[in-house]
Amino acid sequence: MPVKIHAPIVLYRSSRFFSAFPSVVTCPSGDILLAFRRAPDHRWLLGDIAEEDFNSVDHVHFRSHIAFQRFGPDLVAKFEPKILPVHAEAGDQDGNLYLSSFGRLFQHSFRWYPITVETRDQLKEKGVDVLSSEHYGAGYIFHSSYVRYSDDEGENWSEPFDIPADPLVKSHRWPEITGTGAFKGRMIECKNGDLLAAGYNWSLEGEKNSVARFFRSKDNGVTWMYEEGYVSGGDVGLQEPTLVRWPEGKITAFHRTSNNDDKLVIAQSEDDGLSFGPPETIDIIGHPYDALVLPDGRLFLTYGYRHDPMGVRARLVDVGQDLADATEIVIRDDCPCRDTGYPSATLMKDGRILAAYYFTDPKGIRGIEASVIEVE
């Protein structure tokens, strides 16, 4: 099937920032909205990045925030990135935009609560698991997930609705830190008009690996509630789910996995997301996934590829075709390190597909790049 991939473009890159995890949507005017996670990249203080620091990954940072930008249909930026309001105590992680059919724009994410090295060590002595590594500089505790919305395409935003504590997690150490699942990936509208979003939680009682959790809003995204069930992969961890609703109404959740050779796991719902069937491993390697339904019913599935040669890949799935049978499309295979991917796709007003992702340049600076893709 003929596919034309245009030369990649840079949407945003700065040596002062570590930029990653983009999300893009198309406005009725044809403008493109971009949100991404941004945080200071301290390596600029050293001048040229040393070889031993090239792969330094700072995916958590006490100043991490969501940057928001608008582009014209020609993909020329209309303003420099704006910082969306940040929690007083915790840093943001993902952009995650969704533009509903009724015109409301959503941004959802999860947060990390930064602590000092001394507090990290004291908590570890008490048996509290704290995210930390040589590059993170301190410790980080998972804090909360939230949703906020805008009715004017991002000019003004509601206060964030913080997802409450997960009722299936039997012990919460601190009521001030809710410990919800991590909100991640594309949300959808159900047949009945409800909004459905997905996340993942690694603290459910009786589960040794992370599982997928689902959240529903019946009031156009003002408030959100947990669905009763969840999807467990047993020995396989399920993370960073994204959702798609097929034209005939079926819903599929696509999961990044652990303990599964980096293969995709899906789960299907036939009842508007009220329940999902058993997880199924698909012979597609990569993570995480973004699923865009095209006007003709085909599915454009994009995902990062952190194996040589590293970059971003996709599959164009015909109606009724098995996912694994769709031909793999190599969008990029020239990333100098594995810190790449997290694609987000949107249908441009002219019918082409814009796939945004984060990418490491030859100097080691992470930025937001994109490819325009034409499919017949």
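Please refer to the structure higher up on the page.
All figures in this text were calculated on a predicted structure; none of them were measured in a lab.

Parameters and conventions
- Residues numbered from 1 in each chain as written.
- Predicted model: local features only at pLDDT ≥ 70, side-chain atom pairs only at ≥ 80, totals over all residues.
- Heavy atoms only, no water.
- Helix = DSSP H or I, 4+ residues; strand = E, 2+ residues; numbered from the N terminus.
- Rg over C-alpha atoms; globule rule 2.2 N^0.38 Å.
- Buried < 20%, exposed > 50% of the residue type's maximum accessible area, 1.4 Å probe, protein only.
- Contact = heavy atoms within 4.5 Å.
- Areas by Shrake-Rupley, 256 points an atom, 1.4 Å probe, with all protein chains shown as cover.
- Salt bridge = Lys/Arg side-chain N within 4 Å of Asp/Glu carboxyl O.
- Phe/Tyr/Trp six-rings, centres within 6.5 Å; stacked < 30°, edge-to-face > 60°.
- 1 Å grid on protein atoms, 1.4 Å probe; cavity = no way out; pocket = protein on both sides within 12 Å on 5 of 7 lines; lining within 4 Å.
- Points joined across faces, edges and corners; volume = space filled by probe spheres on them.
- Nonpolar A, V, L, I, M, F, W, Y, C, P; charged D, E, K, R; others polar.
- Pairing = 2+ DSSP bridges.
- Axes fitted to C-alpha atoms, helices over the stretch in contact; angles between N-to-C directions.

1. Here we look at the overall build of the protein
Okay, so step 1: Secondary structure summary: the protein contains 1 helix and 27 strands in total.
Okay, so step 2: For 376 residues, the compact-globule estimate of 2.2 N^0.38 gives 21 Å, and the C-alpha radius of gyration of the protein, at 20 Å, lies within 12% of that figure.
Okay, so step 3: By principal-axis analysis of the C-alpha atoms, the protein measures approximately 60 × 50 × 40 Å.
Okay, so step 4: The proportion of buried residues among the 376 residues of the protein is 57%.
Okay, so step 5: Excluding contacts between residues fewer than 6 apart, the proportion of contacts in the protein whose partners are at least 24 apart in sequence is 55%.
Okay, so step 6: When the accessible surface of the protein is split by element, carbon and sulfur atoms take 49% of a total near 15,900 Å².

2. Some points on the environment of Gly249
Okay, so step 1: Mapped onto the fold, Gly249 is located in the loop between strand 17 (237-245) and strand 18 (251-258).
Okay, so step 2: Taking relative accessible area as the criterion, Gly249 reaches 6% and is therefore assigned buried.
Okay, so step 3: The spacing of Gly249 and Tyr98 is 151 residues in sequence and 19 Å in space, taken between C-alpha atoms.

3. Concerning the pattern of salt bridges
Okay, so step 1: With the rule as written, the count across this model stands at 26 salt bridges.
Okay, so step 2: Across the pair Arg43 and Asp41 runs a salt bridge whose closest N-O atoms are separated by 2.7 Å.
Okay, so step 3: Overall, Arg43 belongs to the buried group, its relative accessible area being 7%.
Okay, so step 4: For Arg352, the salt bridge goes to Asp350, with nearest N and O atoms at 2.9 Å.
Okay, so step 5: For Arg352, a relative accessible area of 24% corresponds to the partly exposed category.
Okay, so step 6: One connected set of salt bridges, linked through shared partners, spans Arg13, Arg332, Asp334, Asp361 and Glu369.

4. Things to note about the packing of aromatic side chains
Okay, so step 1: Taken as a whole and judged by the stated rule, the model has 17 aromatic pairs.
Okay, so step 2: With a centroid separation of 6.2 Å and an interplanar angle of 70°, the aromatic rings of Phe110 and Trp112 are classed as edge-to-face.
Okay, so step 3: Of the residues examined, Phe110 reaches a relative accessible area of 4% and is grouped as buried.

5. Examining unusual backbone geometry
Okay, so step 1: The peptide bond linking Asp308 to Pro309 adopts the cis configuration, its omega dihedral lying at -10°.
Okay, so step 2: Mapped onto the elements, Pro309 comes out in the loop between strand 22 (299-305) and strand 23 (311-317).
Okay, so step 3: One non-glycine residue with positive phi stands out, namely Tyr342, at about 50°.
Okay, so step 4: Owing to a relative accessible area of 7%, Tyr342 belongs among the buried residues under this scheme.

6. As for the layout of surface pockets
Okay, so step 1: The space that makes up the largest pocket amounts to roughly 1,200 Å³.
Okay, so step 2: As for the largest pocket, its lining consists of 44 residues, of which Trp112, Asp129, Leu131, Phe142 and Trp202 are closest to the centre.
Okay, so step 3: Sorting the residues of the lining of the largest pocket by element identifies strand 9 (105-115), strand 10 (139-150), strand 14 (195-201) and strand 17 as the ones contributing at least two each.
Okay, so step 4: Considering each element in turn, the lining of the largest pocket owes the most residues, 3 residues, to strand 10.
Okay, so step 5: Here the residues of the lining of the largest pocket sort into 20 nonpolar, 13 polar and 11 charged.
Okay, so step 6: As a volume, the second largest pocket reaches approximately 830 Å³.

7. Re the sheet that holds strand 21 (residues 289-293)
Within a beta sheet, neighbouring strands are joined by backbone hydrogen bonds and run either parallel or antiparallel to one another.
Okay, so step 1: One open sheet holds the 4 strands; their spatial order is 21-22-23-24, and the pairing between them is antiparallel. Looking at the sheet topology across the chains shown, the edges are occupied by strand 21 and strand 24 (328-332). The average angle at which neighbouring strand axes cross in this sheet is 25°, direction not considered.
Okay, so step 2: The pairing of strand 23 with strand 24 spans 4 bridges and is antiparallel. Paired with Val312 across the two strands is Arg332, which belongs to strand 24.

From the geometry alone we can't say anything about function, so treat these as descriptive.
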